[in-house]
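Each chain, written out:
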Amino acid sequence: LMHLTKKLIEIRSMLLSIDQSDALKLPSIVVIGSQSSGKSSVLEAIVGHEFLPKGNNMVTRRPIELTLIHTPTEKGEKPVEYGEFPGLGLGKISDFSDIQRTLTDLNLAVPASEAVSNDPIDLRIYSPNVPDLTLIDLPGYVQISSLDQPESLKEKIALLCDKYIREPNIILAVCAADVDLANSPALRAGRKVDPLGLRTIGVITKMDLVPPELGASILEGNRYPLHLGYVGVVAKSSGKRWKKDATAVVAQRGENDYFGAHKEVFGASSSLMVGTDTLRRRLMEVLESSMASSLHGITNAVQLELEEATYQFKVQYNDRRITAESYVAETIDALKLRFKEFTQQFRRPIIRAKLKTMLDDKVMDVLEQLYWLDKRAPELGALAADPKVKPEDVEAYWRHKLEAASSLLTKSGVGRDSTLLVADGLRSLIDSIASGEPFNFHPQAAERLVEFSHALLRDRIGVTSDQVENCIKPYKYDIEVEPREWEQGREQAIRLFENEVTMCESKLKDIRKKVGGGRRLGHLIGYVKSLEEKEKEKKTRLIESAGSPSVEEPTQEPESYRYPPGQIIDARHAMLYSDRLNILKLRLMALKSKRCRAGPENDVLCPEAFLNVVADKLAYTSAMFINIELLDHFFYQFPREIDSRLLYDLDRREIVEFARENPVVRRHLDLQERKDKLEEVMKQLNSLSTLRADPQPAPRRH
Ligand code: GDP
């Protein structure tokens, strides 16, 4: 049967890793007792080492799941003893004072505000000197609330203990012999959930502190009968008094001395259970039989869970297995693919068109600045319409204007602007990839992705914009225009102007609607014009009367109050749009004239066509060099950066963490793992039941 307990302890910890639900729990021994009842001393006596945190105010703050694993020593071998914290990855710890230190640190890590944490510490101890047992050490019951132990702590500990003393666990109630059992919170809590004491063992510590007869009468258990009985121990474990490496031996000796000295009461002839050895044996027996009787139920429960998990896995994932590694690989592949698709948006004609649009805006600005705001603008239209005027007759004024316009355009920082335009496009492409699936689940990876691609771009922007600027340099001095280019430029200018006309008209329409119709707008405009007139008169008068003492004007009510200020602003906008419309229409007429159609020699009279050709040339050249210096480079480098910088340095644990950031993958992995573990547990349980006397197969569902 020994074998059975060992196996079941293994199975128990596997089940604990599957889930914490009560249905899948094999029994463990839960140690409860009030503070200073000697709980730690008992546990250390069982283990044979001092390993629990000590010191003033050092109470257990987290449950310790203590699994003892008996490791038989072969003949002639040195016995090996060590502990392990499976959750911490610290490896084997052979020095028990290191275990003690780790437990102390884990305890201290619980924030003072919480005082007690529900999260158990998993500790395994391997030794030839321990029996196969699982014990859970819980924070001791607080008897008196003190300043540094708030009232709520008392309650918190009680709740925590209640959670653990439920079935099927065995309760080890630790009480000191020198304290009246009636005052033992451990016994009281035990009685609440196990009134007959069917799964409660009493441990009476500090037997040496009461007269042997009194001690014996406590162990007889007549006052508070427990089915599993009481065991008396002497388990002094004051770190100060014990020599470090001889702890177990000395303790044992002290206990033997005591019970040996009182043979008449505790000797073999009495039926009383005393001593740590007896306690160990008793615990083994009780755990064993409890485990054995749980076996059947747990097998059924696991079978049911396994069937459910198998069914779900089939239904939800069609039995498709995944690994964290495959998810990482797929994510990288998908990212590269996605990127590749996106690069289609950066083909040269598309880039050229984008740059052209940007330059068209610049052209419009230049035209507005140099032509539309010029009072003489209508003259240019008249010149274009006059067939007698020859291009060489046109005033130098207009030639200079055209040169200035062309120069404004070519020297407007096209290199930098066009490079930034494309780089911004790339940036927002990367940002959209980084914020979309699945990177929305992986914020750190997304951040990395954005970071290195932005860095990549930053590196290229300076070089590219210099290169582009350099290549458009010739256009700053001389621009040759072919007739075919001219015609194209003229047509494009017409299209742009027509769009602009449509835009102005719709704006005007909006304003008309907003202020309440065309007539009303007419009034408003008339009114604004009259205001402007008055303003002008006032200014000239002021200038004329400058120097002589000013005659105060009769104060009149400010006229603008006749209409709401919002409408005055609308009227001013409407005036701007209609001025713009007038000039656009004039220029459209010129652009469509015979003169402009005739060819590039008329550039001075048709600056729009000329500037359009210039913009075209600039866009073409810029796109070419941006392609070479920025895009080709970026498209080549980006997938390589993904390989070498995105998820390249993850270890196994980080890969799993990454994959689990995606909830869909996490659910898949969880279910798959649950199913695997249940299968493994089921296999082990089945192998056990063939060992058992009555190999009753678990009933199958359906
Ligand atoms: P815990 O707070 O319940 O874990 O109690 P400890 O195990 O730390 O013991 C509290 C105090 O009682 C310590 O000073 C121990 O040395 C002492 N103690 C524990 N067991 C015995 C015992 O069997 N006899 C005597 N005389 N003292 C004991």
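Quick note: structure is the one above.
Attention in this report is confined to the structure presented alongside it. (Residues numbered from 1 in each chain as written. Predicted model: local features only at pLDDT ≥ 70, side-chain atom pairs only at ≥ 80, totals over all residues. Heavy atoms only, no water.)

### Looking at the packing of aromatic side chains
Taken as a whole and judged by the stated rule, the model has 16 aromatic pairs. Note on Phe339 and Phe635: the rings are 5.8 Å apart at their centroids and 75° apart in plane angle, and the pair reads as edge-to-face. Here the residue Phe339 occupies a position in helix α10 (residues 324-343), and Phe635 occupies one in helix α20 (residues 607-646), the gap between them amounting to 296 residues. The class for Phe339 is buried, based on a relative accessible area of 4%. An aromatic cluster of at least three residues, connected via ring pairs, comprises Phe339, Phe346, Phe452, Phe634, Phe635 and Phe638. Over the aromatic face of Tyr397 sits the side chain of Arg376, whose NZ or CZ is 4.3 Å from the ring centroid. For Arg640, the ring lying beneath its charged end belongs to Tyr636, and the centroid distance is 3.8 Å. (Phe/Tyr/Trp six-rings, centres within 6.5 Å; stacked < 30°, edge-to-face > 60°. Helix = DSSP H or I, 4+ residues; strand = E, 2+ residues; numbered from the N terminus. Buried < 20%, exposed > 50% of the residue type's maximum accessible area, 1.4 Å probe, protein only. Lys NZ or Arg CZ within 6 Å of the ring centre and 35° of its normal.)

### Some remarks on the nonpolar core
Counting residues in hydrophobic clusters, the biggest one holds 104 residues, and the most contacted among them are Tyr371, Leu449 and Leu646. For this core, the element with the highest residue contribution is α20, accounting for 17 residues. The residues touching Leu646, leaving out its near neighbours within four places in the chain, are Ile332, Leu335, Phe439, Ala445, Arg448, Leu449, Phe452 and Glu641. Leu4, Phe96, Ile201 and Ala301 belong to the second-largest nonpolar core, a separate cluster that totals 61 residues. (Core = buried A, V, L, I, M, F, W, Y, C linked by side-chain atoms within 4.5 Å. Contact = heavy atoms within 4.5 Å.)

### Overview of the site of the ligand
In the vicinity of the ligand there are 16 residues, among which Ser36, Lys39, Ser40, Ser41 and Ala235 approach most closely. The contact in question runs from an oxygen atom of the ligand to an N or O atom on the side chain of Ser41, over 2.5 Å. Between the ligand and the protein, one listed contact pairs an oxygen atom with a backbone N or O atom of Ala235 at 2.7 Å. Contact with the protein chains covers 79% of the free accessible surface of the ligand, which is 570 Å². (Near = heavy atom within 4 Å. Polar contact = N/O pair within 3.5 Å; in protein donor to acceptor, adjacent residues only side chain to side chain. Areas by Shrake-Rupley, 256 points an atom, 1.4 Å probe, with all protein chains shown as cover.)

### Let's talk about the packing of helix α16 (residues 483-515) against helix α18 (residues 565-591)
In helix packing, the relevant descriptors are the interaxial angle and the interaxial distance, both defined with respect to the helix axes. For the pair α16 and α18, the least separation of the axes is 9 Å and the interaxial angle reads 155°. On the basis of their axis angle, the class for α16 and α18 is roughly antiparallel. The chirality of how α16 crosses α18 is left-handed. Its residues assigned to classes, the contact of α16 with α18 shows 14 nonpolar, three polar and ten charged. (Axes fitted to C-alpha atoms, helices over the stretch in contact; angles between N-to-C directions. Parallel < 35°, antiparallel > 145°, perpendicular 65-115°, else oblique. Left-handed = near helix turned anticlockwise from the far one by under 90°. Nonpolar A, V, L, I, M, F, W, Y, C, P; charged D, E, K, R; others polar.)

### Some details on the pattern of salt bridges
One pass over the full model with this rule turns up 41 salt bridges. For Asp643, the salt bridge is made with Lys336, and the minimal N-O distance between the two is 2.8 Å. Of this pair, Asp643 sits in helix α20 while Lys336 is found in helix α10, placing the two residues 307 residues apart along the sequence. Judged by its relative accessible area of 44%, Asp643 is partly exposed. Since its relative accessible area comes to 26%, Lys336 is described here as partly exposed. (Salt bridge = Lys/Arg side-chain N within 4 Å of Asp/Glu carboxyl O.)

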